[in-house]
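Below, each chain spelled out in residue letters.
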Amino acid sequence: MSRIRRLAPCLLVAGALVLAACGSGDGDSSPISQAPGSERPDGEPIVLGLDEDSTSAGAAYSMVTAQAVRDTVDKINSEGGVLDRPLEIVVGNSESDPPKGGDQETCLLMSTAPTYCGAFEAAKIETVGVIIESTPSLQSLNDALITNGVSECVDVVASEQAAPDTTDVTAQITKLKNAEPDAILSSTSGGAFEVLIQNTLAQVAPDVPKFTVQALANQPEEWRTANAGALDGLVALASVDLTNPRTEEAIDFFRSIRGEDFQVTGFDLQAYDAVYLLKEAIESAGAVDDPVAIKDAMDATDDYEPHFGGEDFRLTFTVDKHNGATGDCGVVLAEFTADNQLGDPWPTFQPSC
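The structure reproduced in this document is the subject of the present report. (Residues numbered from 1 in each chain as written. Predicted model: local features only at pLDDT ≥ 70, side-chain atom pairs only at ≥ 80, totals over all residues. Heavy atoms only, no water.)

Let us now look at the environment of Ala287. With respect to the element layout, Ala287 can be found in the loop between helix 8 (266–285) and helix 9 (291–299). Once residues within four sequence positions are removed from consideration, Ala287 is found in contact with Leu83, Ile282 and Ile294. (Helix = DSSP H or I, 4+ residues; strand = E, 2+ residues; numbered from the N terminus. Contact = heavy atoms within 4.5 Å.)

Next comes the structure, spelled out in structure tokens:
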């Protein structure tokens, strides 16, 4: 199989998606759409390689991304496929281990510290307390975000940490509150630990503005476990702008197959765009079996309008530019609502494009 390159846009961690195109492939593949009324073509399948980590630390987001890829492939097949040929998926599992993943690259959509610094300045926040997850996997993120990031623009007056299996962070949150910060920032990998922090903040320091990193915004199953109203007002780094018409279009699609209660995440939207980026590249190249031509077409992608990020966000690739972002508004500071749902963009500040 001829590997094109990693196409999925990234939020802070990659969505574990690798797409490739060729005329045929070996291994297990996804069924091609058999939906009633489908315009699925009968030509030779175009095989896409999907790196789906379903067994290790990256599974939480990788499997979400992979399912969105499958849904999008099914949608494209039902609309006639690509160059009159259906798409078909072959799945591998790198277990989020770079050596197993070959030449896959982890990409950053943007540096997050400037976003928080802009937010703090706009909200007139001068002092911040932080609580972080004490795991090696988050050490580099926290160094970049806090030690070498927000501490350059605000005074970090208190810093606490806890392991993700901690069941009580009352002492840590109380210490943060006693330092009287203008705001509190949590940096974790999300899950039950982040919910514990937000539940405790709501009880111990309800009047202190709260910020968090990207994890919780992409974990709607965790929102439901939070205490009633515990997430109200929490500002989270996300890539879902519910006011973006293109985002609404993608949400309508996902809800049409998963139900009206489906909560879209940035991973769903980024996977959706990754498949459509490849579709456009193949169609632009005018051929399926020429990987160089497809790569050249990807490198010529200009002003693609993605379904994640702000309405003004665009993706442009060149031979030397493989991070498609044309500005910082691919991420969104979204504010949670009183019913613990990720809501509209925070009105006080948004990254610009």
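That covers the picture; the talk isn't over yet.
Here the focus is the environment of His322. Its place among the elements puts His322 in the loop between helix 9 and strand 10 (332–336). Its relative accessible area of 35% is what places His322 among the partly exposed residues. Each C-alpha atom, one on His322 and one on Asp299, is 7.8 Å from the other, the two residues being 23 residues apart in sequence. Within polar-contact distance, the side chain of His322 engages the side chain of Asp299 at 3.4 Å. Among the polar contacts listed, one links the side chain of His322 to the backbone oxygen of Val319, at a separation of 3.3 Å. (Buried < 20%, exposed > 50% of the residue type's maximum accessible area, 1.4 Å probe, protein only. Polar contact = N/O pair within 3.5 Å; in protein donor to acceptor, adjacent residues only side chain to side chain.)

Turning next to unusual backbone geometry. The backbone phi angle of Asp84 is positive, close to 60°, even though this residue is not glycine. On the secondary structure map, Asp84 appears in the loop between helix 1 (59–78) and strand 4 (87–92). Of note, Lys124 is a non-glycine position whose phi angle comes to about 60°, a positive value. Within the element layout of this structure, Lys124 appears in the loop between helix 2 (112–122) and strand 5 (127–133).

With that settled, the discussion passes to the state of the cysteines. Evaluation of the coordinates by the stated rule reveals 2 disulfides. The disulfide bridge from Cys117 ends at Cys153, spanning 2.1 Å between sulfur atoms. In this structure, the disulfide formed by Cys117 and Cys153 twists by about -85° around the S-S bond and is classed as left-handed. A residue pair is termed long-range when its members are at least 10 positions apart, and Cys117 in helix 2 and Cys153 in the loop between helix 3 (136–147) and strand 6 (155–162) qualify at 36 residues. Take Cys153: its relative accessible area is 37%, and that puts it in the partly exposed class. There is a disulfide in this structure between Cys329 and Cys353, and the S-S distance comes to 1.7 Å. The sign of the -95° torsion about the S-S bond sets the Cys329-Cys353 disulfide as left-handed. Of this pair, Cys329 sits in the loop between helix 9 and strand 10 while Cys353 is found in the segment after strand 11 (342–345), placing the two residues 24 residues apart along the sequence. (Disulfide = S-S within 2.5 Å.)

In the structure shown here, the tally under the stated rule is 10 aromatic pairs. Ring centres of Trp223 and Phe336 lie 5.4 Å apart, and the angle between their planes is 85°; this geometry places the pair in the edge-to-face category. Here the residue Trp223 occupies a position in helix 6 (residues 220–223), and Phe336 occupies one in strand 10, the gap between them amounting to 113 residues. For the residue pair Trp223 and Phe336, the accessibility class agrees, reading buried in each case. (Phe/Tyr/Trp six-rings, centres within 6.5 Å; stacked < 30°, edge-to-face > 60°.)

Turning to the sheet that holds strand 7 (residues 183–187), a few remarks are in order. Pairing within the open sheet is mixed, and its 7 strands lie in the order 6-5-7-8-9-10-11. A single partner strand is all that each edge strand has here, and the edge strands are strand 6 and strand 11. In this sheet, adjacent strand axes meet at a mean angle of 30° when their direction is disregarded. Bridge count between strand 5 and strand 6: 7 bridges; the pairing is parallel. When the sheet's bridge partners are listed, Ile132 is paired in strand 6 with Gln161. (Pairing = 2+ DSSP bridges. Axes fitted to C-alpha atoms, helices over the stretch in contact; angles between N-to-C directions.)

What follows concerns the nonpolar core. Counting 51 residues, the largest nonpolar core has Leu87, Phe336 and Leu342 as the members making the most contacts within it. Among the elements of the structure, strand 3 (46–51), helix 1, strand 4, strand 9 (235–238), helix 7 (245–258), helix 8, helix 9 and strand 10 are those that each provide at least two residues to this core. The element contributing the most residues to this core is helix 8, with 9 residues. Listed in part, the 20 residues of the second largest apolar core include Val150, Val154, Val235 and Trp346. (Core = buried A, V, L, I, M, F, W, Y, C linked by side-chain atoms within 4.5 Å.)

Okay, the packing of helix 4 (residues 170–178) against helix 5 (residues 191–204) next. Where helix 4 contacts helix 5, the two axes come as close as 10 Å, and the packing angle between them is 50°. Taken together, the axes of helix 4 and helix 5 lie oblique to each other. Where helix 4 crosses over helix 5, the two elements pack in a sense that is right-handed. On helix 5, the residues that touch Thr170, Ile173, Thr174 and Lys177 of helix 4 are Ile197, Thr200, Leu201 and Val204. (Parallel < 35°, antiparallel > 145°, perpendicular 65-115°, else oblique. Left-handed = near helix turned anticlockwise from the far one by under 90°.)

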